[in-house]
Amino acid sequence: MNRHSTSASFLRADPVGPARPWRGGARAPDTEDQVAILTIMRRNWRSILALGGVGLVAAILYVATAPSIYTARARVYIESRSSPVTARDTPGAATPLEIPEVESQVEYIRSEKIALAAVHRLNLPPSQELAVPPHPLVAKVREALGAVKLFVGGLIGLSPAPKTSVVVSPEERQAGTVRENLEAARIGAAYVIEVGYSLDNPTAAAAVANAVADAYVATQLENRSQIWKVAGEWILPRLKEMQQRASQASREAQTYKAEHAIIDLGKRGLVGEQQLEELNTAVASARSRTVDARATRDQIHMLLASDIADPGITEAFKDTVIIQLRKQYVDLVQRADDLKRRLGSDHDAVTAIQKDVLAAKQSLRAELERLAASLDRDYEVAKSREDSMTASFDALISKTLVTSEARVKAKELDRAAETYDQIYTNLLSRYIDAVNQQSYPQPSAHVITPASIPERPSAPRGGLIVLLGMLVGAGLGVSGAFARHWFDRTLRVPGQLTGQGLPCLAALPELRREPGYRAALSLAQNHASESLRPASVEAFKAGAVRFMPQSVFVERLHSLKTHLLGNDRRGPVFAIGVTSVGAGTGKTTFASNFAQLLARSRSATASRILLIDADVRQATLSRLNQAADQPGLLDVLAGRCGTEEAVRHPLGEVRLLACGSLLPGDPHFSDLMTPEAIAGLVRDERTHLDRIIVDLPPADELPTLRPLLDMLDGMILVAEAGKTNIDDVVAAVQDLESAGCTVLGVVLNKTNATPEVRRGTIVNALVRRTTAAAAPIRLTRSWRRRPAADVTDSGASA
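Residues numbered from 1 in each chain as written. Predicted model: local features only at pLDDT ≥ 70, side-chain atom pairs only at ≥ 80, totals over all residues. Heavy atoms only, no water.

## A few points about unusual backbone geometry
Here's step 1: Put simply, Ala459 and Pro460 share a cis peptide bond, and its omega is -5°.
Here's step 2: Positionally, Pro460 belongs in the loop between β4 (445-449) and α13 (462-487).
Here's step 3: A positive phi is found at Asn123, a non-glycine position, where the angle reads about 55°.
Here's step 4: In this structure, Lys750 is a non-glycine residue whose phi angle is positive, near 60°. (Helix = DSSP H or I, 4+ residues; strand = E, 2+ residues; numbered from the N terminus.)

Written out as C-alpha cells, the structure reads:
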C-alpha cells in the first residue's frame, strides 16, 4: 500500500512567457475585484431586481397618495445691526455684516416672538390648522404603532404615564405650528434672508410667509423705536447730572484762580510770566552796560599807569580834546627829534621845544585824569542800577514759582470743566437725536420680494421620489447581496479552497449548462443501437466522456488526469477513491466519467480500468448501469462468486464491479470488509489492471469502510459549488487525513461561472484581461512558494 503527499496542487494551463512591463499587471487585483463584484451581482440579480421593483412600487404608491404641498417664499433684506444710538460716533459703524450676525437674524425670524406676531397679523380663526397634513399611509402606520404599543403595554402591565396638561391659547398653538414649519435661510453671501412656508393651500402658504416677513420688519422697527425711547429716558437724567457737574467744575476753576491771583492772558500766558520776561531783558541790558563801563574805566587807568603817548589812546577814546592834545604832543615830539638830529641836544631851540613837549604831555594827562573820574561815576551808576534790577528780578522769580504751582491745579480744574462740558454737549446732541427718532425711526430690514401664490406644488417630487425609491430598493438589494457574499461560507470558486490551503484539482462545470447539452442528450436518446442509449438523463451525464467528448467538462477532466497521474514523483497511484461532502454533489458522475476517460487512453480490447461501486447504501453507480440486481462487491466479499464473475462491461472500455446485494443471512457489510478480504481483492486485480476507481459513500459514512480505505492509494473529495460549505470541506479533509488517507485534492463540481461567460460580454472581457495580466505574476508566486524539486516535477507534468 502506497502513501503519498497530501499537497497535490492543480496547475492551470496558463500561457507562460516573459513578463511584460504592462500597466495592466499592476491593476490585475482591481480587475479581479471587478470580476468578483460582477459575479456577485449576477448571482443575486433576481433579489436586487425584486427589491428595486419593491422600492419603485412603494415610491409610486407614496407619490400617488401623498397630498400636494405648496411652498411660498418671501425675501427680506437686512441692514447693519449697529446700535442706532452709538452708530453715528462709533468708528467703523458702517462695516459689512459678519456671518454670525446674519445667522442670528435667521434664528430671530424663526423665534416664537415673530411667529406669534405673524399669527396676530393673520387674525385666523382658532380652529384653522397651519401645519402640513401628514401622509395618510404614515399616519396609519403611526396609529398602528401606537395601538401596538398600548396593547403590548397592557399585556405586560405597563400603563402610559399621565401627561401633564398645560393650558395653551389657540394663538400660541398656531404660533408653535408656524415656528415648526417655517423655513428661513440666508441666500448665498448676500444680506438677504429667504422666508418660506409650506401648506396644502397655496393662498394660505403665501399669506403666512408674507405675515412672517412683515412681522419681522415691524418688530425690527418697533425694536429700534424702543431703543431710541429707552436711550432718551436713560440720557435725560445723565444730561442733567452732567450739566450740574460742568457748572460746578467751572465755578471751582474760577474761584481758585481768583484766590491765587492767576490772571491768564490767553496765548500770551499769565501776567506774572510776561513781567518776568520783560524784567529779565532789562537786567541783561543793565549788566551789559555795567560791563562796558567797567572795561572803559579799566583801560583809562591802565593808560594813566603807562606811557600816555601810547598810540592806542586815540583808538580807545573818541574824545576830540584828547585826540587834539595827542596830535599836538606827537607833533612836538617829532619836531624835537628833528631839531636834536640837526642842531644837537645842547642847542637852545632843542631845550625850548622839549619844554613845550613836557607841557603838552601834562595837559594830555590832566585831560585823561578828568575823563577817568567821569568814567568812574558812570560805572558806579550802572552798577547800582544792575543791583536794583537783579533784586527785583529775584523777587519776581520767587513770586512766579508760587504762582506756577497754583497754575498746575488751575489747569486740572480747567480740564475737568472742559471734559464735563464736552460730555454734556455730546449727551445733549444724542438726546435731541433720540427725541427726533422716536417719532420717525429708521427701519433696519425691508421686504424686497413678497411671497406670491405658488402655481405648482413643491412636494412631493414624483420623479425624484420614484427614482430614489428604486435606487434605495436596488441599494438594499446590492447591500444584501454583498452581506450574503460576505457571511456566506458556501464554496463557489476554487480560490476559496486555495485560500484554505486545500489543493483544487479541477473546477467542473454543470453539464446541463454546457453548450450543446440538449442536442447531445437528444442524439444519445435516439441512438439506433439500443445498447448505446442511456437509460436516463443521469446515465447520460455519467457517460459524458462518450457522449460529449468536446465539452468543457471533459476538457477539465483531461487536465485533471494529466496533472494527477502524469507526475511520477508520487509513485504509481493505483487505487483512487472518490468521496464527497454530503449527498447530491455529483461524485458518482465524476467517478464514472473519470474512469471512462482513463480507459479511453487505452485500447478498447484490453480494458485495464476497474470501477467499483462501494457506496453500499445508495448504489447509484449500479442503478445508472442497470446492475443493481447483479452480483457485485458484496457478493465477492461474502464468497458467493469470484471477481471475474462479478465484473461487467457496461461502460465499454471500463470494467464495472457493481455494489451487489446482501442476503438475509449475510453479516453487515462492515463485517464483510475485512482487511484480508479487501487485500485479496486488490491483490488479484493489481496484476492485470492499470487503475482502480472506487465510488465511495460520502465522507461522514466512510468510518464503516475502514479496511477499504486502507487499500486506497489516494482520495479525491468532490464538493458541489453553491451548496457545499467550505468549513465542511476543511473538516472532511482533516478527518480523512487523521484517518491515514492520502487526500489528492478537491474537485469543485457543478460550477456555473465559466459556461455562462459568453463572447462579447463585459464579464468575459474582464476575465480574459485578468487572466492575461495576472498569469506571469501567479506563476512567479507559485514557483516561489514551492520547493525546487516540486517546481521541476510540476513544470514537467504541466
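Further notes follow.
## Quick look at the packing of helix α3 (residues 45-65) against α13
Here's step 1: Interhelical geometry of α3 versus α13 gives an angle of 155° and a closest axis separation of 7 Å. In terms of their interaxial angle, α3 and α13 are classed as roughly antiparallel. With respect to the hand of their crossing, α3 and α13 are arranged in right-handed fashion. Contacts between α3 and α13 involve Ile48, Leu51, Gly52, Gly55, Leu56, Ala59, Ile60, Tyr62 and Val63 on the former and, on the latter, Gly462, Ile465, Val466, Gly469, Met470, Gly473, Ala474, Leu476, Gly477, Val478 and Ala481.
Here's step 2: Its residues placed into classes, the contact of α3 with α13 shows 14 nonpolar, 6 polar and no charged. (Axes fitted to C-alpha atoms, helices over the stretch in contact; angles between N-to-C directions. Parallel < 35°, antiparallel > 145°, perpendicular 65-115°, else oblique. Left-handed = near helix turned anticlockwise from the far one by under 90°. Contact = heavy atoms within 4.5 Å. Nonpolar A, V, L, I, M, F, W, Y, C, P; charged D, E, K, R; others polar.)

## A word on the environment of Ser104
Here's step 1: Within the secondary structure layout, Ser104 lies in helix α4 (residues 99-109).
Here's step 2: Only 2.6 Å separates the side chain of Ser104 from the backbone oxygen of Pro100, close enough to count as a polar contact. (Polar contact = N/O pair within 3.5 Å; in protein donor to acceptor, adjacent residues only side chain to side chain.)

## Notes on empty space enclosed by the protein
Here's step 1: Scanning the entire structure with this criterion turns up 1 cavity of 30 Å³ or more.
Here's step 2: Roughly 50 Å³ of volume is contained in the largest cavity.
Here's step 3: What lines the largest cavity is simply Ile40, Arg43, Asn44, Ala481, Arg484, His485, Asp488 and Arg492.
Here's step 4: Contributing elements (two or more residues each) for the lining of the largest cavity: α2 (28-43) and α13.
Here's step 5: Considering every element that reaches the lining of the largest cavity, the biggest residue donor is α13, with 3 residues. (1 Å grid on protein atoms, 1.4 Å probe; cavity = no way out; pocket = protein on both sides within 12 Å on 5 of 7 lines; lining within 4 Å. Points joined across faces, edges and corners; volume = space filled by probe spheres on them.)

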